[in-house]
Structures are given as C-alpha cells and as structure tokens.
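Coordinate inspection notes
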Amino acid sequence: MALVADQVYSKFFQELSKDNLIDPERTIMFLFSDHGTRWGSYRTTIYGKYEERLPAFAVALPKQFKHEFPQAFEQLQENANRLVTPFDVYHTLRDLLQVSENGKFGVDSQQLQRGSSLFGKISPSRSCDQVGVEQHW
C-alpha cells in the first residue's frame, strides 16, 4: 500500500515545482514519518519490529550539493547507517542555516551536549544510552 502514497507525493512535489515553490537545483528536503512499514509479513521480521517503532527519515539534496560540499555529502552518506535522533536533525538544520549565512558548515558536534549535525561524523558505536533513547524504542 505504500506505493499508493508515491503518486500523491509525486503530484505534490510536481505542483510545488510548477508553482516555483521549490527549486530542484537549490532545495533540500527532509521527509519524516512517525514510523516505517507497519503491514505485511515484513512486520514479523526483526527489522520490521524496529521499523514499527522507529520514525522514517529521508534527505533529498540538490545535485550540485555533492560537488559544492563533498565532505558534508560523504559524511551524510556514512551517517545513513548510524543511530540518528531528532536532536541530530535539529543540529543539521542549524548547520544548513550557517552554510546559507557564510558558505561553510561549522556546527562543532564535539561541543554539542545532545545531538550532532548529520554533516559531521557520528560514531558507528553510538548507543541508545548515549543519546537518551529508551530501550523500548
């Protein structure tokens, strides 16, 4: 049933683009959902159990981002397989605001008490305990 949403989202983004509300060359999009897949046999797998409880999150970047900010792009890809929290998303948005002001990334994730920009290094051994996520989730 997730395929049904594809058409709705596609039409939505086409309308935004047609009305010049987004620019594929400059727009960065974050897509959030309160959970992943919650139907079918996939739900009975270990990953299905996680997706049922974890929010879904995706980032779409303009093509030139990779060329303008290769280190940030590479780090974002690496962090795709790391434990990420809403605090990290917050710091990523702060980081993007800083880039729009001075042209470079600069949130020092080592100095942040909670959360790190997704454009900086997130430890592969990061644990739920370290970021304040209860074991149930």
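Preceding this section is the structure that the text describes.
Rules used throughout
Residues numbered from 1 in each chain as written. Predicted model: local features only at pLDDT ≥ 70, side-chain atom pairs only at ≥ 80, totals over all residues. Heavy atoms only, no water. Core = buried A, V, L, I, M, F, W, Y, C linked by side-chain atoms within 4.5 Å. Buried < 20%, exposed > 50% of the residue type's maximum accessible area, 1.4 Å probe, protein only. Helix = DSSP H or I, 4+ residues; strand = E, 2+ residues; numbered from the N terminus. Patch = residues over 30% accessible without salt bridge, like charges linked within 9 Å, V, L, I, M, F, W, Y side chains within 5 Å. Areas by Shrake-Rupley, 256 points an atom, 1.4 Å probe, with all protein chains shown as cover. Salt bridge = Lys/Arg side-chain N within 4 Å of Asp/Glu carboxyl O. Arc of directions from axis to C-beta. Contact = heavy atoms within 4.5 Å. Phe/Tyr/Trp six-rings, centres within 6.5 Å; stacked < 30°, edge-to-face > 60°.

**Describing the nonpolar core**
- Counting residues in each nonpolar core, the largest one holds 12 residues, listed as Phe30, Phe65, Phe69, Ala72, Phe73, Leu76, Val89, Leu96, Val99, Leu118, Phe119 and Ile122.
- Those elements that place two or more of their residues in this core are helix H4 (70–79) and helix H5 (86–102).

**A word on a nonpolar patch on the surface**
- On the surface, Tyr42, Ile46, Tyr47, Tyr50 and Leu54 cluster together into a nonpolar patch covering about 530 Å² of accessible area.
- Along the chain, Leu54 turns up in the loop between helix H2 (46–53) and strand S2 (56–60).

**Some details on the pattern of salt bridges**
- Within this structure, the stated rule accounts for four salt bridges.
- Between Glu78 and Arg82 there is a salt bridge; the shortest N-O distance is 3.3 Å.
- Of the residues examined, Glu78 reaches a relative accessible area of 29% and is grouped as partly exposed.
- With a relative accessible area of 18%, Arg82 lands in the buried category.
- Residue Glu78 pairs with Lys121 through a salt bridge whose shortest N-O separation is 3.2 Å. Of the two residues, Glu78 sits in helix H4 while Lys121 sits in the loop between H5 and helix H6 (128–131), which places them 43 residues apart along the sequence.
- Take Lys121: its relative accessible area is 51%, and that puts it in the exposed class.
- Overlapping salt bridges, with partners in common, bring together Glu78, Arg82 and Lys121 in one network.

**Here we look at H4**
- Among the residues making up H4, those that are buried are Ala72, Phe73, Gln75, Leu76 and Asn79. The buried residues of H4 all sit within an arc of 165° when viewed along its axis, so they share a single face. Facing away from the buried side of H4, by more than 90 degrees, are the exposed residues Gln71 and Glu74.
- In this structure, the buried residues of H4 make contact with S2 and helix H3 (65–68).

**Overview of the packing of aromatic side chains**
- Scanning all chains against the criterion turns up seven aromatic pairs.
- A centroid spacing of 5.2 Å and a plane angle of 45° characterise the contact between Phe65 and Phe69, whose relative ring orientation is tilted. Each member of the pair Phe65 and Phe69 is classed as buried.
- An aromatic cluster is defined as three or more aromatic residues linked by ring pairs; in this entry it consists of Tyr9, Phe12 and Phe13.

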